[in-house]
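So you can see what is in the structure, the chains are spelled out below.
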Amino acid sequence: MTGLFAPRSIEELLSLLAGSGEHEKHFIAGGTDWLIKNRGNISEDAVLFDLSKIPELRGIENRGSYLRLGSMETMTSIHTDPEIRLHAAALCDAASSMGSVQIRNRATVGGNLANASPAADTPGALAALNASAVIFSPSGTKELSIEEVLGTCPNKNTLSDSDIIMEFRIPVRKSHVSAFKKIGSRSEVSIARINLAVSAKYEDGAFCDAMVFVGTLGTAAKRSPEAENALLMPISLRKEGFKKALCEFAGRMIPSRSTLPYKQSAIQALAEDVLEMLEARGRSLEKSGEKSHG
Amino acid sequence: MDKRSYKYIGRNVTRFDAVDKVRGRFPYLADEPFPNALFGAVLFSPHANAVVKKIDVSEASRIEGVEILTYLDAPNARYNGSEWFPGQDDYPDETVLTGHARHVGDRIALVMADTEEKARKARDLVRVEYEILPAVTLPETAADMAGMLHEDGVKSFDGSICYGDLEKAFSSAAYIESDTVTTPKIHHAAMETHSVLAIPRGDVLEVRTPCQITFGVQYSIAQVLDMPLSKIRVIKANMGGTFGGKQEVVFEVLCAWAANRLKRPVFINTTREETILSTRTRAAVKGKVETALDADGTILGRSFELIVDAGAYLTGTKKVMMAMGKKASRLYRIPALSYKGSVVRTSTTPAGACRGYGSPQIHTITEIHTDLMCRRLGFDPVQFRLKNLLGEFEEDPSGGANIGKARVIECLSRGAAAFGWEENKAPKVSGGRFFTATGFACCTHGNGYYKTKYHDFSNMSLRLLEDGSAILRASIHELGSGATTALAQIVGEVTGIDVSKITVTEADTQFTSYDSGCQASRVIYVCGECARLVSEAAVKMLTQEASKLLDRPVRFYEGGLVCEGKKLDLGAAVREIMEKRRVSIEVNFEHRPESNPASFGVHFAEVTVDKLTGLVKVNRYLAIHDIGQAINESFVRGQIYGGIQMGIGMALSEELPFDSMGIPRVRNFDKYHLVNAPDMPDPEIILIEDNEPGGPFGAKSIGEISTVPVSAAIVNAVNRALGSSLTDLPLTPAKVVEAARNMGE
Ligand SMILES: Cc1cc2nc3c(=O)[nH]c(=O)nc-3n(C[C@H](O)[C@H](O)[C@H](O)COP(=O)(O)OP(=O)(O)OC[C@H]3O[C@@H](n4cnc5c(N)ncnc54)[C@H](O)[C@@H]3O)c2cc1C
């Protein structure tokens, strides 16, 4: 390693990036993935950028049509934030169930997406909430969907080595509910064997405009159109239809993996639980007469 | 003596190391670098079964100050790191380093430098060419492949125990029932990874190690270095947990040899991955048990056939296998028994001692079998056991020590009542997919080595100091269980000296006397009794000397010296005796136990199984133990909580699997899943304290037995919930889901 920089602004980061030329570049957010991967084997010519001192990467605020979520916000700050809880419940669920207290205090939402583990928890929730990621690079900024950032390769995002995830924009949508749940080997401090994130519009007990994402089936957020359709079914058929659709979806995604039978069983449990959470949230939304919910 | 009048026995005295540990200041070996020591990084084999064709250290040795010792430099002397006394006939098949790697993590070379970073970097620059041989991963085929793994070609290490007329038992039986149960290979998961420091000091080689048997370490080193035992000084270092993982000798001999050869202090430390792959594990067992019953459900006979996986080296696994057999006749009344065990070597991480020394495996096998058998035959599992459990002072028909004041029947009946067995025994279903049921299991474990193949005694000295304080010089190994504080409580109870003024030493082979080691659940029953007896001897000497000094009768009464109705200050008496009579109050005592009773425990668990996720939640838990007398109740509870945590892991999630090439699928805590705090039940604990003869104040063991019945209790609960017959541990979510699917649809 030849240098460690802790820029105090995006502008400073930009000039440091420009100055670092051909060196291998590493961004460090909370370090919970980075340290494990790189401890003891970082290359001699690497340059490290600590993102923790850049104010532009922080903050959670309601901007009317969307929530702005800085990429350096931690899981703890996310799941304790009232705006997130109100408009992005699935993200709140994901952030509060990931890792342990110690990990949640350091792990950032930007790092969770950038690391692109197929078992990551918040990317699916963000995708289901139809969030976009604002990417900053020396050549300008762009807005990408979560799926575009993840691409198709596990453990590798599509960003180039000077791209930074600056923030997420989560649409604030009327009458929408969302939920996330995962199954690991334990109830806490456990990597997902499978996870499920859903958002949908809720009206009189029925769902529409559903977005359904499943994690661990190749990448962190695979969209399931069949499960989205199943959520539109009449209430009496919905639960079984949703379970069946997710089962088929898993079979389609990982047809030959030895873990498929287990995942197909577990995803039915997730389907039941997430549906129950959505229904409960929908009912309380209606009861409170709230206009918008996420 | 009336229990309620005890000053220290049964009291929750705070352990001496509590404050430092809570503050993170308790120093472990790795926390206190030794001046001028070389850090030793072991080069471990990445292959399961491979012969080194070429080893090239040229690049690594170009780094300044690096010292490299490879298998080519190492002595050929073979040893067995489980032996703790000369003449134990454990087959020696291990060397300090090897050119034939027999498991991933086998030791090829030791690379040393002044810093850990440099040593590890140099280690990674050593180039090794291997010829890869077929891996031996299945215990069932290991015997046939033995020659590929070990040049000695020994197929298996067999042993058997037999008594009674088994043929008659089986031919006259109304029912014969059999099950096969497999228990997994498990990592001990002590918080402190393995480390050792060796320091050459003139003609004495000093070794500091967090171990369980200093005299065993001394003996292993002596075998390889060909040095007199007296020139090897082994000091028990502060220890961050062992659970048996540090009972056998692993890196000590290598470290001692390297330090001795280079004439420099050498410190070996390991990462979690290195400790998981290259130290010891709990032996995986596949056991078939068959029981012959009469029409009322009385056991007539039982036979066992076991395959025990020793991993790459025999280690203490044959001892473990025999210990399993020795436990088989000490829980139920079994008139005829045949136990056949076969230990095989596979190209996987070696097994060895692990909390319970085979008891968790054998009782898991028999208790799961007992429940399944009862279900198939329509017997109530509580009534069946009550009928067959041993009563007090019954003999062990296999020739082991008398069972002692057994209270297992009381454990079971009180436990069944307290846990609401009758009300809860029928499984309940909720939400379509959640199945709740209760299970339980009984178990036994020992209290030392008396009447086994191994000698058991302890030698301690107690000196009363001139200010009225005391030092107990004892070869204790504090494993983290609080044993040293418990011994101080015993000394305090006998002498009346305040516990805070009593120091109990740990083992240092140069200064403390012989003891058979902190193993075999013998510390409280044997060492504790030795501490009590040496304290009594010291008190006797004190009263005699005080009587001579004052020329009047001095008695010891209610914790103090009394002379003609007047209380004397103990410190002043010791001082005056020293000054005027030139006598110090110091006694040496050797305790040779003449009994080795059984401890018993019964655990109950209520679980909820999610049929779709396969996850098992332990809702309620009760542990009830026949413990004789708790010396320190909070320590006893601590042992039980930890025992439950380990046992749930063995039942549900802990295992070290290997692929067909012998490559470990699990190398760290990311994939090795211990039960953590959020998933732990809040156990209820009941202690039955009925004074076991031969133990200090009636105390007997708890540390090992507390983990013995847990796995079977959990598995029995799951099987009751699903109506399944799961016997292949751990019951991972995938296995549970499959069983649930088979039952439901
Ligand atoms: C014990 C433990 C438990 C865990 N449990 C879970 C869990 O339950 N669920 C889960 O999803 N994950 C879990 N993780 C993984 C990890 O904590 C998360 O992925 C975390 O969100 C990563 O964020 P970080 O800030 O620590 O990222 P870092 O480790 O700092 O960075 C990770 C990667 O992302 C890149 N990066 C970080 N920020 C940016 C950015 N703004 N722009 C571009 N690239 C960036 C870094 O360069 C690096 O390559 C666990 C990890 C541990 C150690």
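What you are looking at is a predicted structure, and each value in this text was computed from that prediction instead of being measured.

Peer 1: Lay out the overall build of chain A in plain terms, naming residues and giving numbers.
Peer 2: Assigned secondary structure in chain A consists of 12 helices and 12 strands. Taking 19 Å as the expected radius of gyration for a compact globule of 294 residues, we find that chain A reaches 19 Å, a close match to that expectation. Taken along its principal axes, the extent of the C-alpha atoms in chain A is 65 × 45 × 35 Å. Taking all 294 residues of chain A together, 56% fall into the buried category.

Peer 1: Tell me what's going on with the overall build of chain B, and back it up with residues and numbers.
Peer 2: A tally of helices and strands in chain B yields 20 helices and 29 strands. Here the C-alpha radius of gyration of chain B, 27 Å, is about what a compact globule of 745 residues would show, namely 27 Å. Once the C-alpha set of chain B is aligned to its principal axes, its extents read approximately 85 × 70 × 50 Å. Across the 745 residues that make up chain B, the buried fraction comes to 64%. Long-range pairs, those at least 24 residues apart, make up 81% of the contacts in chain B with a sequence separation of at least 6. Surface summary for chain B: the accessible area is close to 26,900 Å², and the carbon and sulfur share equals 51%.

Peer 1: Please set out the interface of chain B and chain A residue by residue, giving values where relevant.
Peer 2: Between chain B and chain A, the contact holds 15 residues from the first and 16 residues from the second. Interface area for chain B against chain A, summed over the two sides, is near 1,300 Å², with a carbon-plus-sulfur share of 49%. Along the contact surface separating chain B from chain A lie two salt bridges. Between R433 of chain B and E272 of chain A there is a salt bridge whose closest N-O contact spans 2.8 Å.

Peer 1: Go over the packing of helix 11 (residues 359–377) of chain B against helix 19 (residues 710–722) of chain B with me, naming the residues and quoting the values.
Peer 2: Residue and element names in this part refer to chain B. Where helix 11 contacts helix 19, the two axes come as close as 8 Å, and the packing angle between them is 25°. Between helix 11 and helix 19, the crossing angle belongs to the class labelled roughly parallel. As helix 11 runs across helix 19, the sense of the crossing is right-handed. Contacts between helix 11 and helix 19 involve H363, T364, E367, I368, D371, L372 and R375 from the former and S711, A712, V715, N716, N719 and R720 from the latter. Grouping the amino acids of the contact of helix 11 with helix 19 by side-chain chemistry returns four nonpolar, five polar and four charged.

Peer 1: I'd love a proper account of the domain arrangement of chain A, names of residues and values included.
Peer 2: Accessible area lost upon the coming together of the parts is a frequently used measure of interface size. All names here are of chain A. Each assigned domain of chain A is listed with its residue range as follows: domain 1 (3–50), domain 2 (55–171) and domain 3 (176–288). Measuring from the centre of the C-alpha atoms in domain 2 to the corresponding centre in domain 3 gives 20 Å. Contact residues are listed per partner, giving 27 residues for domain 2 and 23 residues for domain 3. Between domain 2 and domain 3, roughly 1,800 Å² of surface is buried when both sides are summed, and carbon and sulfur atoms account for 58% of that area. If you sort the residues of domain 2 by the area they bury against domain 3, D93, P118 and A128 come out on top, with a joint share of 25%. Taken together, the connections running from domain 2 to domain 3 amount to two salt bridges. Two residues, R281 and D93, come together in a salt bridge whose shortest N-O distance is 2.9 Å. Joining domain 2 to domain 3, the criterion identifies 11 residue pairs in polar contact (both at pLDDT 80 or more).

Peer 1: Can you break down helix 12 (residues 260–288) of chain A residue by residue, with the values?
Peer 2: Taking 1.5 Å of rise per residue, 29 residues should cover 42 Å, and helix 12 of chain A covers 41 Å from first to last C-alpha, within 8% of that figure. Phi for G289 of chain A, located one or two positions after helix 12 of chain A, is positive at around 65°.

Peer 1: Please provide a residue-by-residue account of the packing of aromatic side chains, values included.
Peer 2: Residues and elements named next belong to chain B. One pass over the structure, following the stated rule, counts 20 aromatic pairs over all chains. Here F457 and Y514 contribute two aromatic rings whose centre-to-centre distance is 5.2 Å and whose plane-to-plane angle is 40°, an arrangement assigned as tilted. Here F457 is found in the loop between strand 19 (434–445) and strand 20 (458–464), whereas its partner Y514 is found in the loop between strand 22 (502–506) and helix 16 (523–550), with 57 residues between them in sequence. Linked through ring pairs, F85, F215, F457 and Y514 together constitute an aromatic cluster.

Peer 1: I'd like a rundown of the pairing of strand 11 (residues 232–236) of chain B, residues and numbers included.
Peer 2: Residues and elements named next belong to chain B. In terms of burial, strand 11 is a largely internal element, five of the five residues being buried. Every second residue of strand 11 is oriented toward a common face, with I232, V234 and K236 on one face and R233 and I235 on the other, all of them buried. The pairing of strand 10 (residues 204–209) with strand 11 spans five bridges and is parallel. Residue pairing across strands places V207 opposite V234, the latter belonging to strand 11. With respect to chirality, the unit in which strand 10 leads through helix 7 (residues 214–225) into the neighbouring parallel strand 11 is right-handed.

Peer 1: Tell me what's going on with the pattern of salt bridges, and back it up with residues and numbers.
Peer 2: Tallied over the entire structure, the rule returns 77 salt bridges over all chains. For D93 of chain B, the salt bridge identified is with R345 of chain B, shortest N-O distance 3.0 Å. Here D93 of chain B, found in the loop between strand 3 (67–70) and strand 4 (100–101), pairs with R345 of chain B, found in the loop between strand 16 (337–344) and strand 17 (351–352); they are 252 residues apart in sequence, far enough to count as distant. By relative accessible area, D93 of chain B is classed as buried at 2%. Within the structure, one salt-bridge network assembled from shared partners comprises K181, E240, K243, E272 and D273 of chain A together with R433 and D610 of chain B.

Peer 1: Residues and numbers for the domain arrangement of chain B, please.
Peer 2: Residues and elements named next belong to chain B. Each domain of chain B was delimited in the assignment, giving domain 1 (3–25 + 457–591), domain 2 (33–133 + 194–269) and domain 3 (281–450 + 595–741). Inter-centroid distance (C-alpha atoms) of domain 1 to domain 3 is 37 Å. Counting residues at the interface gives 27 residues for domain 1 and 30 residues for domain 3. Interface of domain 1 and domain 3: buried area, both sides summed, is about 2,100 Å²; carbon and sulfur atoms make up 58% of it. At the boundary of domain 1 and domain 3, one finds zero salt bridges. Our count for the domain 1 to domain 3 interface comes out at 13 residue pairs in polar contact (both at pLDDT 80 or more). Of all elements in the fold, only helix 15 (483–495) and helix 16 reach the threshold of two or more residues within the side of domain 1 that touches domain 3.

Peer 1: Account for the nonpolar core, naming residues and giving values.
Peer 2: Taken as a class, soluble globular proteins show a tendency for nonpolar side chains to be buried jointly. All names here are of chain B. Ranked by size, the top nonpolar core spans 107 residues in total, and within it L306, Y339, V602, F604 and I714 carry the most contacts. Those residues in contact with F604, other than ones at most four positions away along the chain, are L412, G415, A416, F419, W421, G439, F440, R620, Y621 and L622. With 60 residues, the next largest nonpolar core counts Y71, A122, A222 and A259 among its residues.

Peer 1: If you had to explain the site of the ligand to someone new, which residues and values would you point to?
Peer 2: Residue and element names in this part refer to chain A. Taken together, 29 residues sit near the ligand, with F27, G30, T32, D33 and T108 positioned nearest. At 2.8 Å from an oxygen atom of the ligand is found a main-chain nitrogen or oxygen belonging to A29. Side-chain polar atom of N112 to an oxygen atom of the ligand: 2.9 Å apart, as the coordinates give it. Relative to its unbound accessible area of 980 Å², the ligand is 87% covered by the protein chains. Looking at the shell around the ligand, the elements with two or more residues in it are strand 2 (25–28), helix 2 (34–38), helix 7 (109–115) and strand 8 (164–171). Sort the elements by how many residues they give to the shell around the ligand and helix 7 lands first, with four residues. A breakdown of the residues in the shell around the ligand according to their chemical character gives 15 nonpolar, 10 polar and four charged.

Peer 1: Please set out the sheet that holds strand 23 (residues 554–557) of chain B residue by residue, giving values where relevant.
Peer 2: Residues and elements named next belong to chain B. Pairing within the open sheet is antiparallel, and its three strands lie in the order 23-24-25. Strand pairing shows two members of the sheet lacking a second neighbour, strand 23 and strand 25 (566–568), which therefore form its edges. Taking each pair of neighbouring strands and ignoring which way they run, the sheet shows an average axis angle of 40°. In the sheet, strand 23 pairs with strand 24 (residues 560–563) via four bridges, with the strands oriented antiparallel. Bridge pairing in strand 24 places R555 opposite V562. Along the sheet, helix 16 makes contact with strand 23, strand 24 and strand 25, crossing strand 23 at roughly 145°.

Peer 1: Give a description of the sheet that holds strand 7 (residues 140–145) of chain A that names residues and reports values.
Peer 2: All names here are of chain A. Strands sit in the order 4-5-8-6-7 across an open sheet of five strands; the sheet is antiparallel. Because the sheet does not close on itself, it has two edges, and the strands there are strand 4 (60–62) and strand 7. Mean inter-strand twist for the sheet, computed between neighbouring axes without regard to direction, equals 20°. Relative to strand 8, strand 5 (residues 66–70) runs antiparallel, the two sharing five bridges. Within strand 8, the position partnered with G70 by the bridge is E167.

Definitions and limits used
Residues numbered from 1 in each chain as written. Chains lettered and ligands numbered in written order. Predicted model: local features only at pLDDT ≥ 70, side-chain atom pairs only at ≥ 80, totals over all residues. Heavy atoms only, no water. Helix = DSSP H or I, 4+ residues; strand = E, 2+ residues; numbered from the N terminus. Rg over C-alpha atoms; globule rule 2.2 N^0.38 Å. Buried < 20%, exposed > 50% of the residue type's maximum accessible area, 1.4 Å probe, protein only. Contact = heavy atoms within 4.5 Å. Areas by Shrake-Rupley, 256 points an atom, 1.4 Å probe, with all protein chains shown as cover. Buried area = accessible area lost by both parts, 1.4 Å probe. Salt bridge = Lys/Arg side-chain N within 4 Å of Asp/Glu carboxyl O. Axes fitted to C-alpha atoms, helices over the stretch in contact; angles between N-to-C directions. Parallel < 35°, antiparallel > 145°, perpendicular 65-115°, else oblique. Left-handed = near helix turned anticlockwise from the far one by under 90°. Nonpolar A, V, L, I, M, F, W, Y, C, P; charged D, E, K, R; others polar. Domains from an automatic or database assignment. Polar contact = N/O pair within 3.5 Å; in protein donor to acceptor, adjacent residues only side chain to side chain. Expected span 1.5 Å × (residues − 1). Phe/Tyr/Trp six-rings, centres within 6.5 Å; stacked < 30°, edge-to-face > 60°. Pairing = 2+ DSSP bridges. Right-handed = clockwise from strand over helix to strand, strands pointing away. Core = buried A, V, L, I, M, F, W, Y, C linked by side-chain atoms within 4.5 Å. Near = heavy atom within 4 Å.

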